[in-house]
Amino acid sequence: MRATNSSSGTDTGTSTSTSTSTRAKGVGVAALAVLAVTGTVLGLGLNGTAQTGTTPGSSTTTGAGTPAADGQAVIAEAAGFVQPDTYAFKTVDDTADPTFNQLLGINSQGVIAGYFGSGAAGHPNQGYTVHGNASSFAKEDFPGSVQTQVTGLNDRGVTVGFFSHANTANQVNDNEGWYALDGRFHQVVFPASSTASPPVEQLLGVNDSDIAVGFYNDAAGNSHGFRYDINRHTFHTVAVSGATSTTAAAIDARGDVAGFYTGANGNQSGFLLTASGKLTPLNFPGATMTQALGANDKGEVVGLYQTGSGDTAQTHGFTWTAKQAYLTVDDPSGAGGTTVNGVNDAGTLVGFYVDAQGNTDGMLATPQKTTTTRHLSLNPMPQGSVTLGTDRSGMLAAHVSAFGFTPGSQHAAEVVVPGRAKPVATLAPLTADAAGRIEQTVTTAGAVTRLPSGSRFQILLGTGSDALSAQPIAQSRTLPQRPSGDDPMPLQGVDVKSDTRLNGSATLVFDSATHRLTVTVDASGLTPGAHAAHIHLGSCASQGGVQYMLTDLRADSRGDVVHQTQTIDDVAAMPAPGTAYLNVHLGDMNSILANGRPTPAFRPLLCGNI
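Residues numbered from 1 in each chain as written. Predicted model: local features only at pLDDT ≥ 70, side-chain atom pairs only at ≥ 80, totals over all residues. Heavy atoms only, no water.

Student: Can you walk me through the environment of Asn341 in this structure?
Tutor: Looking at where Asn341 falls in the secondary structure, it is placed in strand 26 (residues 338-343). Each C-alpha atom of the pair Asn341 and Gly294 lies 5.6 Å from the other, and the pair is 47 residues apart in sequence. Other than its neighbours up to four places away in sequence, Asn341 contacts Leu103, Leu104, Leu293, Gly294, Val302, Val350, Gly351 and Phe352. In terms of polar contacts, Asn341 uses its side chain to reach the backbone carbonyl oxygen of Leu104, at 3.1 Å. (Helix = DSSP H or I, 4+ residues; strand = E, 2+ residues; numbered from the N terminus. Contact = heavy atoms within 4.5 Å. Polar contact = N/O pair within 3.5 Å; in protein donor to acceptor, adjacent residues only side chain to side chain.)

Here it is as C-alpha cells:
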C-alpha cells in the first residue's frame, strides 16, 4: 500500500502468546441476535486529492464479483487449505492511542489496515496501515475528514474504508465510502433513491481485481450490500433473498462475497455468496448471532459470533471453511471478547479484543504449525553386501556385512543356481547380533574353484530343515564364476511367497495439539495375510525395543497393503530423526514371539528410519 506523509509509531503490544483454538463439530443453524453498531474509523495521514467516484447508473444484478482469471487454480488451492489449530497472538497498538485500536484487514505481504480512537467526542477514529512485521505505523486519513477508518486493502496497494466529516458526542455522524489508488483518494457514493440521514456508506473489503464491497443504509436504517468495480466505476447489488438488511464485508479472488444479513425474524447470520449465486448461511453452532467479516482466497471465512444475550452475551472470533467447519479463536488476553475481522492467504488473522482494563487492543494471530509430517521409504530387509573369494586352501569364503535380521538369529548361507534343487555350495551359518546386524566371514567345507553360470548367494530364514527355516530372505545378483574377493555384491531382502518385489512407504503425522500420531502404510510384495508392525527405538541398521505398537497390517491376495491408516494416542512428540524406525514383520502379532523371544516369524520384511 502507498502512503505519503506517514508517521511512524511503536507497537506497544510486544507480548506474544500461543493458544489452542476450539473446533466446533458440525454446521448448526442457530438463531442470531441483532448485531451491535458497525465499527469505527481508521486512518493514515496521506497527501492526496479527494475525487468523487460516483457513478450515475447502477447495475442491479445480485451476486458477488467477477471470478478472477485464475479462478480454477484458486479453487484447487482452496480445496487443500487446512485451518490451523493454534495461533501465536500478538497485541498491536499504535502508541498514539494505546486504549483503542482495531485491526481490520491484512494482505499477503502482511500489511495491516486499521485505526485508533473510539469515535467518542474528542477521540476520533484515525486510520493507519501497519508495516514491518506489525511494528511501523503509517497514518492514512481521507483528506479534509474528521474521522477515517481503513477497513481493507489488497496486494496491489489499494486501500478502502470510510470517513466522516464530524465527531459528535452522540456519535451520529455521516459515513462516506472511499478508496485510495496510487496515493489518490476517491469518494464512492452508491446511487440509491433512499438514503439515511446523515448518510451511512462504507467500503469494507477489496480483492486483487480492485473489486470493492460494502453497504449503504436506506432511510429506514436497513443496510444494502453492494460490489463496486474501482476501474470501471460500476455498482452491483449484493443481496440475500428474504433478508431485511445485508452487509457485504469481504470479497475473494473468485468474486465470492462474505458478509452478514438480518432475516425477517430479526436474527443475524453470516453468509458466503459465490459469484455464481450459491448462498451458504453461516451460523456458529449454539450462537445467538454470527457475522462473517473477512475472507481469503483459500476458502477461509472469518468473523465473530455471540453466545447469550444482554448482560450474559459473550463475543468470540471464528474461522470457517467448507471442509472443516467452524473454529473458535479467542485472544488469550481478551477478557471482554474477541473479533476476527480479516485474514490473508497464509491464514494470518487480524482483529481486536477487549482487555481486563476495558481497552480495545489490536490483535494479530499467526498460525502455528501443529503437525509434523515424515515420509518414509520402507526398504526390504535384510540389506547389505556379500564379498566372495577363495581362501588359501581353496575354500569359498563369503564376508557378509548386513543388517535387518531378527536380533540373535542364526541363518544358513548357500550358493544356488535358480532352478536347481540342490545348492552349489553350503557355507557355515551366520549369526546376527543383538541389534540384528551380521558382520561375519563364513566358508564352505570343501574347495570350490569355479561357480556355475547364474549362481547367486542367498541367506535363509533359519538353519533347520523345516520349510519356514528354508525360506530365502536375502539374495545377491548373479555372481562371477571366479569370485575375486574384492567385489562386494549387494544383498536384497526377498519374500519368496510373493511374486512382487518387496517395497513400501509410510507417512507419519504428529499433531502436537492432540498428541496423536497417525501412521499410514502402503506396501507390496508381502505374503497375503496379517503382518505385525511396530515403531521401534534405534534404526533399521541397529534395532532396539518397541516404542509404539501398531495393529497388524493386512496384505491382500496380491500381497499389497493399500493405504492402511491407524492412530496412536498420548504420544509426547514425533520421534527425533535417527532415533526410531518402522518395522513390518513376516508374521502377525500372535506368531512373532514365543516365551518372550523372537520366533522365525519375527523376521523384519520392510523397514524405514523415521
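Student: What is the right way to read empty space enclosed by the protein from this model?
Tutor: The gaps left among the atoms become clear once a water-sized probe is rolled over them. As enumerated under the stated definition, the model contains 2 cavities of 30 Å³ or more in all. If you add up the space inside the largest cavity, you get close to 60 Å³. In this structure, the largest cavity is lined by Leu388, Leu479, Pro480, Pro483, Ser484, Gly485, Asp487 and Met489. Residues belonging to the lining of the largest cavity are distributed by class as follows: 5 nonpolar, 2 polar and 1 charged. (1 Å grid on protein atoms, 1.4 Å probe; cavity = no way out; pocket = protein on both sides within 12 Å on 5 of 7 lines; lining within 4 Å. Points joined across faces, edges and corners; volume = space filled by probe spheres on them. Nonpolar A, V, L, I, M, F, W, Y, C, P; charged D, E, K, R; others polar.)

Student: Could you clarify how one ought to interpret the side chain of Asn167 in this entry?
Tutor: Note on placement: Asn167 falls in the loop between strand 11 (159-164) and strand 12 (176-181). At 3.1 Å, the side chain of Asn167 and the backbone oxygen of Ala120 are in polar contact. Only 2.9 Å separates the side chain of Asn167 from the backbone nitrogen of Gly122, close enough to count as a polar contact. Residues within four places of Asn167 in sequence aside, it is in contact with Gly119, Ala120, Ala121, Gly122, His123, Pro124, Val146, Gln147 and Asn173.

Student: Could you clarify how one ought to interpret the packing of aromatic side chains in this entry?
Tutor: Each aromatic ring pair is summarised here by two numbers: the centre-to-centre distance and the angle between the ring planes. Scanning all chains against the criterion turns up 18 aromatic pairs. Here Phe116 and Tyr128 contribute two aromatic rings whose centre-to-centre distance is 6.3 Å and whose plane-to-plane angle is 25°, an arrangement assigned as stacked. One end of the pair, Phe116, is in strand 7 (residues 112-116); the other, Tyr128, is in strand 8 (residues 126-131), and 12 residues separate them in sequence. The same class applies to Phe116 as to Tyr128, namely buried. Within the aromatic cluster, the residues linked to one another by ring pairs are Tyr179, Phe190, Tyr216, Phe226, Tyr228 and Phe235. (Phe/Tyr/Trp six-rings, centres within 6.5 Å; stacked < 30°, edge-to-face > 60°. Buried < 20%, exposed > 50% of the residue type's maximum accessible area, 1.4 Å probe, protein only.)

Student: For this particular structure, what's the right way to read the pairing of strand 35 (residues 456-460)?
Tutor: The side chains of a regular strand alternate, first on one face of the sheet and then on the other. Of all 5 residues making up strand 35, 4 are buried, and the element is well covered by its neighbours. With 4 bridges connecting them, strand 32 (residues 410-416) and strand 35 associate as antiparallel partners. Of the residues in strand 35, the one forming a bridge with Val415 is Phe457. For strand 35 and strand 36 (residues 472-476), the ladder comprises 3 bridges, and the chain directions are antiparallel. Across the sheet, Ile459 pairs through a bridge with Ala474, a residue of strand 36. (Pairing = 2+ DSSP bridges.)

Student: I tried to follow the pattern of salt bridges on my own but got confused; where do I start?
Tutor: Opposite charge on two side chains permits pairing when their charged atoms draw close. Summed over the entire model, instances satisfying the criterion amount to 7 salt bridges. Of the charged contacts in the structure, one is a salt bridge between Asp433 and Arg437, with a shortest N-O distance of 3.2 Å. In this structure, Asp569 engages Arg516 in a salt bridge whose closest nitrogen and oxygen atoms are separated by 2.8 Å. Pair noted here: Asp569 is in the loop between strand 42 (561-568) and strand 43 (580-585) and Arg516 is in strand 39 (residues 516-524), with a separation of 53 residues, a long-range link. Among the charged side chains, a salt-bridge network with shared partners connects Asp252, Arg254 and Asp256. (Salt bridge = Lys/Arg side-chain N within 4 Å of Asp/Glu carboxyl O.)

Student: Can you help me understand the sheet that holds strand 39 in this one?
Tutor: The pairing of strands in a sheet comes from backbone hydrogen bonds and takes either a parallel or an antiparallel form. Judged by pairing direction, the sheet is antiparallel, and its 8 strands sit side by side in the order 41-40-43-46-29-38-39-42 without closing on themselves. Single-partner strands in this sheet number two, and they are strand 41 (542-555) and strand 42. Averaged over all adjacent pairs, the angle separating strand axes in this sheet is 20°, with direction ignored. Examined bridge by bridge, strand 38 (residues 503-511) and strand 39 share 9 bridges and lie antiparallel to one another. (Axes fitted to C-alpha atoms, helices over the stretch in contact; angles between N-to-C directions.)

Student: Explanation requested: the nonpolar core in the structure shown.
Tutor: Generally speaking, nonpolar side chains in soluble globular proteins are found buried as a group. Membership of the largest hydrophobic core comes to 53 residues, with the highest contact counts inside it found for Phe457 and Ile535. Excluding anything up to four places from it in sequence, Ile535 contacts Leu508, Leu517, Val519, Val546, Gln547, Tyr548, Ile568, Ala580, Tyr581, Leu582 and Ile610. In this structure, Ala258, Leu272, Leu282 and Phe318 belong to the second largest nonpolar core, which totals 14 residues. (Core = buried A, V, L, I, M, F, W, Y, C linked by side-chain atoms within 4.5 Å.)

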